[in-house]
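Given next are the chains, with one letter for each unit.
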Amino acid sequence: MKLLHIDSSILGDNSASRQLSAGVVKAWQAAEPGVEVTYRDLAAEGINHFSGATLGALGTPAEQRNAAQQQEADLSAKTLAEFLAADAVVLAAPMYNFTIPTQLKAWIDRIAVAGQTFRYTEAGPEGLCGNKKVIIVSTSGGLHVGQATGVAHEEYLKVLLGFLGITDIEFVRAHGLAYGDEFRSKSLSDANVLINEQLFAAA
């Protein structure tokens, strides 16, 4: 089984989402020792944001690309290949200003590719990735689940993944992290209990 682990926080070792996503991967490996993990740190590796240059590179025949265009095309191809090869994805998604980090959006723009991860038919769009499982590690300073302030965070990710055909989605949440030390500690503790005692209990 191939597992793709995606981090997107800019906070390094201080990141709650990084700590929890690492915990999910460790627990998954314990439950399924044969798991093969591919890791991508979107904050450190810096996928360029989707742009006219990206489209231009992808639309230019390989033999006509300059060095910069080839680099763009190679990055897009590698990012998409990692996603397509994965049976499951652990996606760390902290909330920044009511939405996901721009680094994560840049990754999404590389994997949402017509003809590869979705297609349009006479009956409408069809997702092509329905065989994948995704665990989203959702962190935020406030409490936004079920509120209008959370629509561009978790709800967006559910819509996007659903568009790609992915419906097997689970959340590991640590919210209210800015509500004081006691609230933060309990939120992280509850998330870790979910990861270590419940998430893979049936595995």
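Details of the structure are given in the entry above.
Remember, predicted model here, so these are calculated numbers, not experimental data.

Draft legend 1. Structural view of the overall build of the protein. On a plain count of helices and strands, the protein comes out with seven helices and seven strands. Listing every helix and strand of the protein by position from the N terminus yields β-α-β-α-α-α-β-α-β-β-β-α-β-α. Relative to the globule expectation of 17 Å for 203 residues, the C-alpha radius of gyration of the protein, 18 Å, shows essentially globular dimensions. Considering only C-alpha atoms, the protein reaches an extent of 60 × 35 × 35 Å along its principal axes. Going through the 203 residues of the protein one by one, you find that 42% of them count as buried. Long-range contacts, defined here as pairs at least 24 residues apart, represent 76% of the contacts in the protein between residues at least 6 apart. Carbon together with sulfur atoms contributes 53% to the accessible area of the protein, which is approximately 10,300 Å² in total. Computed over 15 positive and 22 negative side-chain charges, the inter-centroid distance for the protein is 1 Å.

Draft legend 2. Highlighting the sheet that holds strand β2 (residues 36-41). Strand order in the open sheet made by the five strands is β2-β1-β3-β6-β7, with parallel pairing throughout. Among the strands making up the open sheet, the edge pair consists of β2 and β7 (168-174). Mean inter-strand twist for the sheet, computed between neighbouring axes without regard to direction, equals 15 degrees. Relative to the sheet, helix α1 (residues 16-31) contacts β1 (2-7), β2, β3 (88-94), β6 (133-139) and β7, its axis offset from that of β6 by approximately 150 degrees. Relative to β3, helix α5 (residues 102-111) is tilted by about 145 degrees, and along the sheet it contacts β1, β2 and β3.

Draft legend 3. Spatial organisation of unusual backbone geometry. The phi dihedral of Asn97 is positive, around 50 degrees, even though this residue is not glycine. Note that Asn97 resides in the loop between β3 and α5. Backbone geometry at Phe98 places phi at a positive 75 degrees, although glycine is not the residue there. Looking at the secondary structure, you find Phe98 in the loop between β3 and α5.

What counts as what
Residues numbered from 1 in each chain as written. Predicted model: local features only at pLDDT ≥ 70, side-chain atom pairs only at ≥ 80, totals over all residues. Heavy atoms only, no water. Helix = DSSP H or I, 4+ residues; strand = E, 2+ residues; numbered from the N terminus. Rg over C-alpha atoms; globule rule 2.2 N^0.38 Å. Buried < 20%, exposed > 50% of the residue type's maximum accessible area, 1.4 Å probe, protein only. Contact = heavy atoms within 4.5 Å. Areas by Shrake-Rupley, 256 points an atom, 1.4 Å probe, with all protein chains shown as cover. Lys, Arg positive; Asp, Glu negative; His and termini not counted. Charge placed at Lys NZ, Arg CZ, Asp CG, Glu CD. Pairing = 2+ DSSP bridges. Axes fitted to C-alpha atoms, helices over the stretch in contact; angles between N-to-C directions.

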